[in-house]
Amino acid sequence: MNEKILFVFSGQYPWDIRLSKEINTLKKCGYKISVLSRNLTRLNAFDKIDEVVNYRLGNIFPSLRMDVILSIPIFFNPLWIFKIAKTIWVDKPDLIIIREIPLAPTVIFFAKIFKIKVILDVAEHFPALMKVSKKYNSNIFSKFMISTLNFYDFIEKISVKNSDKILTVVEESKNRLIKEYGLKEKNLYVVSNTPETIPPFYVKKIVNDKLNIIYTGNVDGVFRGLKTLLLAATLLKENNNIVFNIIGDGSELNSLIEFKNNNGLDNVNFLGKFEHDKLLQYLYTQDIGIVPHEKTDEIEYTIPNKLFDYMSYSLPVITSSAKPLKRITESIDCGFVFEAGNPESLADLILKIYENRQSLITKAKNAHSAIIEKYKWDNDSKVFCGVVEEIL
């Protein structure tokens, strides 16, 4: 099989969990892979890693800061326009897969010129993400573009309507795109954020009446629900046996640490950012994983990797009532659901769990079994490869 596939990714590669899984899958299927990505740390503008050809936008200006600012991934950025056109011309791919929508209109434009098919991978509700992001709403102009003119809604519309196939991570996202844009269901597929490897089943013995609750991931937005978690921790701080361990980094970290210190939350530990392999091993030391996300448009149409990571490492879960989280948790009875954004609901639920900790064993078994039977990359990779084979 000699077909070449080019990924266009608005972040830096390596490393991205979803992109890495997609690349590994297509390599196993016999395809030649190239990646065009951003360059945020002065990597080589061109190299080859594990048989993957890498083209990177960057190393243009003497200042790294200038490089980062001027390489912002948006479809009308002239640097990206030139790099996308040049890469397609040089690489001559048979198929282009676009990760997320900021660069999609430009990629689709050149793909049509060169008569190349396009798959759009929509892992996030990007317009909704932009509207809740402090980073992209920090000035009047960007706020006006995002929230008043609905700029990213327009980008999403022209992107999904002009892609040959579309991938989403949950059924809710697929159904949204069909409903909002009148897309044909036959052109949309769910390829979820499921784990590539599954460790053996393991249940940590309950020691010294402790209940260790872990959150892993970004600490970069109100929609993550970490303020709700800390408020619940405030209500539970008299119980020294209930401990919250938070692993991750982001723009909200300092304000959350300040809140912890101001409120004397000795039951909350901020452990910083872990390497992915170390993070997964740390899950074995915990009793339950939590996904406290708010019920926003962004969260209602995506699913975080952490949910399936918890489940694969034999952890029952606590999730908010956001649609996909609630649906998965309740359908396989692998955990507990609280009312999103309600710290009292979360605190009451955690107390009930603590008083009946033996119930965690059954929930943990259900979680791990669901990963083995359904929520595993082996299943999603077959869908993914099937879409690629169909389009080529």
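The structure reproduced in this document is the subject of the present report. (Residues numbered from 1 in each chain as written. Predicted model: local features only at pLDDT ≥ 70, side-chain atom pairs only at ≥ 80, totals over all residues. Heavy atoms only, no water.)

### So, helix 13 (residues 305-312)
Okay, step 1: For helix 13, the buried fraction is high: 7 of the 8 residues fall into the buried class.
Okay, step 2: Residues Lys-306, Leu-307, Phe-308, Asp-309, Tyr-310, Met-311 and Ser-312 constitute the buried set of helix 13.
Okay, step 3: A positive backbone phi angle near 60 degrees is found at Ser-314, which sits one or two residues after helix 13. (Buried < 20%, exposed > 50% of the residue type's maximum accessible area, 1.4 Å probe, protein only. Helix = DSSP H or I, 4+ residues; strand = E, 2+ residues; numbered from the N terminus.)

### Quick word on the sheet that holds strand 8 (residues 188-190)
Okay, step 1: The strand order 3-4-2-1-5-6-7-8 describes an open sheet built from 8 strands, whose pairing is mixed. Each of the sheet's edge strands pairs with one partner strand only, and the pair in question is strand 3 (46-49) and strand 8. Neighbour-to-neighbour, the strand axes of the sheet open up by a mean angle of 20 degrees, direction not taken into account.
Okay, step 2: As paired elements, strand 7 (residues 165-168) and strand 8 share 3 bridges and run parallel to each other. Within strand 8, the position partnered with Ile-166 by the bridge is Leu-188. (Pairing = 2+ DSSP bridges. Axes fitted to C-alpha atoms, helices over the stretch in contact; angles between N-to-C directions.)

### So, the layout of surface pockets
Okay, step 1: In this model, the second largest pocket occupies a volume close to 300 Å³.
Okay, step 2: Considering the residues around the second largest pocket, the lining is formed by 17 residues, among which Ile-17, Glu-196, Thr-197, His-276 and Leu-280 are closest to the centre.
Okay, step 3: Only helix 1 (17-28), helix 11 (276-282) and helix 13 provide two or more residues apiece to the lining of the second largest pocket.
Okay, step 4: In terms of residue count, helix 1 provides more of the lining of the second largest pocket than any other element does, 4 residues in total. (1 Å grid on protein atoms, 1.4 Å probe; cavity = no way out; pocket = protein on both sides within 12 Å on 5 of 7 lines; lining within 4 Å. Points joined across faces, edges and corners; volume = space filled by probe spheres on them.)

### Topic: the packing of aromatic side chains
Okay, step 1: In total, this model carries 12 aromatic pairs according to the counting rule given.
Okay, step 2: Where Phe-75 meets Phe-76, the ring centres are 5.3 Å apart and the plane angle is 80 degrees; that geometry is what we call edge-to-face.
Okay, step 3: For Phe-75, a relative accessible area of 19% puts it in the buried group.
Okay, step 4: Clustering of aromatic rings is evident, with ring pairs tying together Phe-75, Phe-76, Phe-126, Phe-151 and Tyr-152.
Okay, step 5: Across from the ring centre of Tyr-354, 4.3 Å away, lies the NZ or CZ of Arg-357, which sits over that ring. (Phe/Tyr/Trp six-rings, centres within 6.5 Å; stacked < 30°, edge-to-face > 60°. Lys NZ or Arg CZ within 6 Å of the ring centre and 35° of its normal.)

### Some remarks on the pattern of salt bridges
Okay, step 1: Applying the stated criterion to the full structure yields 19 salt bridges.
Okay, step 2: In this structure, the salt-bridge partner of Asp-91 is Lys-4, at a minimum N-O distance of 3.8 Å. With a gap of 87 residues between them, Asp-91 in helix 3 (residues 78-91) and Lys-4 in strand 1 (residues 4-12) connect regions that are remote in the sequence.
Okay, step 3: Accessibility expressed as a relative area gives 3% for Asp-91, which makes it buried.
Okay, step 4: Owing to a relative accessible area of 26%, Lys-4 belongs among the partly exposed residues under this scheme.
Okay, step 5: A salt bridge links Lys-174 to Glu-185, with the nearest nitrogen and oxygen atoms 3.6 Å apart. Taken together, the residues Lys-174 in helix 8 (residues 171-181) and Glu-185 in the loop between helix 8 and strand 8 connect sequence positions 11 residues apart.
Okay, step 6: Residue classification places Glu-185 among the exposed positions, given a relative accessible area of 51%.
Okay, step 7: Among the charged side chains, a network of salt bridges with common partners joins Asp-16, Arg-18, Glu-22, Arg-99 and Asp-121. (Salt bridge = Lys/Arg side-chain N within 4 Å of Asp/Glu carboxyl O.)

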